[in-house]
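Structural overview for review
So the chains spell out like this:
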Amino acid sequence: MTRTAHHPRTTRAAALVAVLALAPLAACSAGSLGSSSGDGDGGTTITWLTGSDETAQATATSIVEAFEAANPDITVELDGRPAGGEGDNLVKTRLQTGSMADVFDYNSGSLFQQIAPEKNLAPLGDDVIGAVDETYLPQVSVGDTAYGVPYGTAFGGGVMYNRDVYAQLGLQVPKTWAEFAANADAIKAAGIAPVVQTYGETWTSQLFVLGDFHNVAAANPDWAERYTANQAKYATDPAALAGFEHLQEAHEKGWQNADFASAKVEDGMRALAAGEGAMYPILSANVTTLLSVDPDAGDRIGFFALPGQDAATNGLTAWYPNAVYIPKSTTGAALEAAEKLAAFIASPDGCEAQTKAAPPTGPYLVDGCELPADVPQVTKDVSAYFETDAQSPALEFLSPVKGPALEQITVEVGSGIRSAADGAALYDQDVEKQAQQLGLEGW
């Protein structure tokens, strides 16, 4: 997916998360760009570059207040960066010119690798990353060296479902696609739309493909590596083609809501909450939208992973949180203070400060961090996949290869305009230009 500047607890799940092109807030101080200083009383002041949108600033502010209370000799000044490509370019420019703030948050996974971590970032020791969940460390590491700590919560790509509809029809959460299809047929027979689709926001059409990647990786553990090397294709690999085929099947069998072509996410959430639709392939982080349209739906709507062919390998396609990093330009007392801040973020106290700012939409990947008892059922269900280690990274965390036209292609396949086979083949062509621009071997 194309990725987006975001709320800190929603990984840049690109085209999968709507871009909020919010105007940047003013930095907290004119002198907070890429420099730190010792205060007159012997304390240390450091800067943190984060998103400029209201949610990002509120979350960082909550952390800073708690951190400064525990570390009265350290002052943290927040600086805001714009959303989207402009903010991305700002991060890369500041790293290249040695003018980055003392601490900054940015993507984990494949996009982290694109900021030349060994050249630009300070490695973090066990005193900083000791509480970080081992499933997360590969997303911020080069070899055995880690450079970041998780900022925000993980979330999943799968299916939100109406638990009341499932209970009324005596259905069980599916572990295979055959079971999913049987459930959909039973739901349709009951006069309810089995599969909610919202092509009025085209990014949502990608979930059947991108949320299915756990099943692709389970069938072919080296698929992402082969894909990056131009040795694996969606159109010619049955496991990878399946997501496109599921889109085609949903349309051909009439599982979709009648207004699928124009409906938007809020419409889909309303239908799901009302029981007019039963299953909605979507990112679990969008539970916030669900609660905005129906504050009482938190217990009524659950979540399950998109099932594949084999129940034994059933699991979640996971999106990991962004990370907080320290650039190599941070040295001396500022480096020591920055490491203390990173360690605080990756601690139960840091998680608590984030929860205070915004309810978590998935698990914190930090040992000792507990979710509040009143989180939505979707968050609980997603967390269960992490607790049992039944999850694996979305493709974007493993490969930089992502074509810009996927959401248009999946809309066509899901609308009956193009077959699954043709859509997959077209997407294989779509990624070539980007792979070539990245200078990847084999393209």
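The shown structure was predicted, so the numbers you read here are calculated from the model rather than taken from an experiment.

Further remarks concern the overall build of the protein chain. A count of helical and extended segments in the protein chain gives 18 helices and 14 strands. The C-alpha atoms of the protein chain give a radius of gyration of 22 Å, which matches the 22 Å a tight globule of 443 residues would have. Residues counted as buried form 58% of the 443 residues belonging to the protein chain. Long-range contacts, defined as pairs at least 24 residues apart, comprise 76% of the intrachain contacts of the protein chain with a sequence gap of at least 6. Per element, the accessible surface of the protein chain, about 16,900 Å² overall, is 49% carbon and sulfur. Taken together, the 23 basic and 56 acidic charged side chains of the protein chain have centroids lying 5 Å from each other.

Under the defined criterion, the tally for this structure stands at 25 aromatic pairs. Ring plane angle 10 degrees and centroid distance 6.3 Å describe the contact between F155 and W319, whose orientation is recorded as stacked. Of this pair, F155 sits in strand β8 (residues 155-162) while W319 sits in strand β12 (residues 316-319); the two residues are 164 residues apart in sequence, bridging distant segments of the chain. In this pair, the class of F155 matches that of W319, namely buried. Residues Y234 and F244 carry aromatic rings whose centres are separated by 5.7 Å and whose planes lie at 80 degrees to one another, so their mutual orientation is edge-to-face. In this pair, Y234 sits in the loop between α10 (223-228) and α11 (238-252) while F244 sits in helix α11, placing the two residues 10 residues apart along the sequence.

Attention now moves to helix α1 (residues 54-70). Over its 17 residues, α1 runs 25 Å from end to end, which matches the ideal 24 Å to within 8%, given 1.5 Å per residue. If you check which residues of α1 are buried, you get A56, Q57, T59, A60, S62, I63, V64 and F67. Its buried side turned inward, α1 meets β2 (44-51), β3 (74-81), β7 (148-151), α14 (332-345) and α15 (348-357).

With that settled, the discussion passes to the pairing of β3. The element β3 is extensively covered by neighbouring structure, given that 6 of its 8 residues are classed as buried. Two strands pair when backbone bridges link them, and β2 and β3 are joined in this way by 8 bridges, in the parallel orientation. When the bridges of β3 are listed, W48 appears paired with L78. The handedness of the β2 to β3 crossover, carried by α1, is right-handed.

Side chains L316 and A318 project from β12 onto one buried face, and the interleaved T317 and W319 project onto a second face that is buried too. Of the strand pairs in this sheet, β8 and β12 are connected by 3 bridges, and their pairing is antiparallel. The residue of β12 that forms the bridge with F155 is W319.

Within the structure shown, the criterion is met by 1 disulfide. Sulfur-sulfur distance for the disulfide between C351 and C369 comes to 2.1 Å. Taking the torsion about the sulfur-sulfur bond, which here is approximately 75 degrees, the covalent link between C351 and C369 counts as right-handed. Here C369 lies in the loop between α15 and α16 (377-387) and C351 lies in helix α15, a separation of 18 residues in the sequence. A relative accessible area of 4% places C351 in the buried class.

Once that is clear, we can look at the side chain of K233. The residue K233 is located in the loop between α10 and α11 in this model. Here K233 sits buried without a salt bridge, and the closest side chain of opposite charge, E432, lies 4.5 Å off (N-O distance). Setting aside residues no more than four positions away along its own chain, K233 makes contact with W223, A240, D428, E432 and W443.

Take the pattern of salt bridges next. Inspection of every chain in the model, using the stated rule, returns 8 salt bridges. Notably, a salt bridge pairs D88 with K92, separated by 3.2 Å at the nearest N-O pair. Of this pair, D88 and K92 are both found in helix α2 (residues 84-97), 4 residues apart, which corresponds to roughly one turn of the helix. Overall, K92 belongs to the partly exposed group, its relative accessible area being 24%. Residues R300 and D294 are paired through a salt bridge, measuring 2.6 Å at the closest nitrogen-oxygen approach. The two residues R300 and D294 agree in class, both being buried. Members of the salt-bridge network, linked through shared partners, are E266, D267 and R270.

Another point: helix α12 (residues 265-274). Along α12, the residues classified as buried are V265, G268, M269, A271, L272 and A273. In this structure, the buried side of α12 is in contact with β8, β10 (277-283), α13 (287-293) and β11 (301-305). Following α12 by one or two positions, G275 adopts a phi angle in the positive range, close to 80 degrees.

About the cut-offs
- Residues numbered from 1 in each chain as written.
- Predicted model: local features only at pLDDT ≥ 70, side-chain atom pairs only at ≥ 80, totals over all residues.
- Heavy atoms only, no water.
- Helix = DSSP H or I, 4+ residues; strand = E, 2+ residues; numbered from the N terminus.
- Rg over C-alpha atoms; globule rule 2.2 N^0.38 Å.
- Buried < 20%, exposed > 50% of the residue type's maximum accessible area, 1.4 Å probe, protein only.
- Contact = heavy atoms within 4.5 Å.
- Areas by Shrake-Rupley, 256 points an atom, 1.4 Å probe, with all protein chains shown as cover.
- Lys, Arg positive; Asp, Glu negative; His and termini not counted.
- Charge placed at Lys NZ, Arg CZ, Asp CG, Glu CD.
- Phe/Tyr/Trp six-rings, centres within 6.5 Å; stacked < 30°, edge-to-face > 60°.
- Expected span 1.5 Å × (residues − 1).
- Pairing = 2+ DSSP bridges.
- Right-handed = clockwise from strand over helix to strand, strands pointing away.
- Disulfide = S-S within 2.5 Å.
- Salt bridge = Lys/Arg side-chain N within 4 Å of Asp/Glu carboxyl O.

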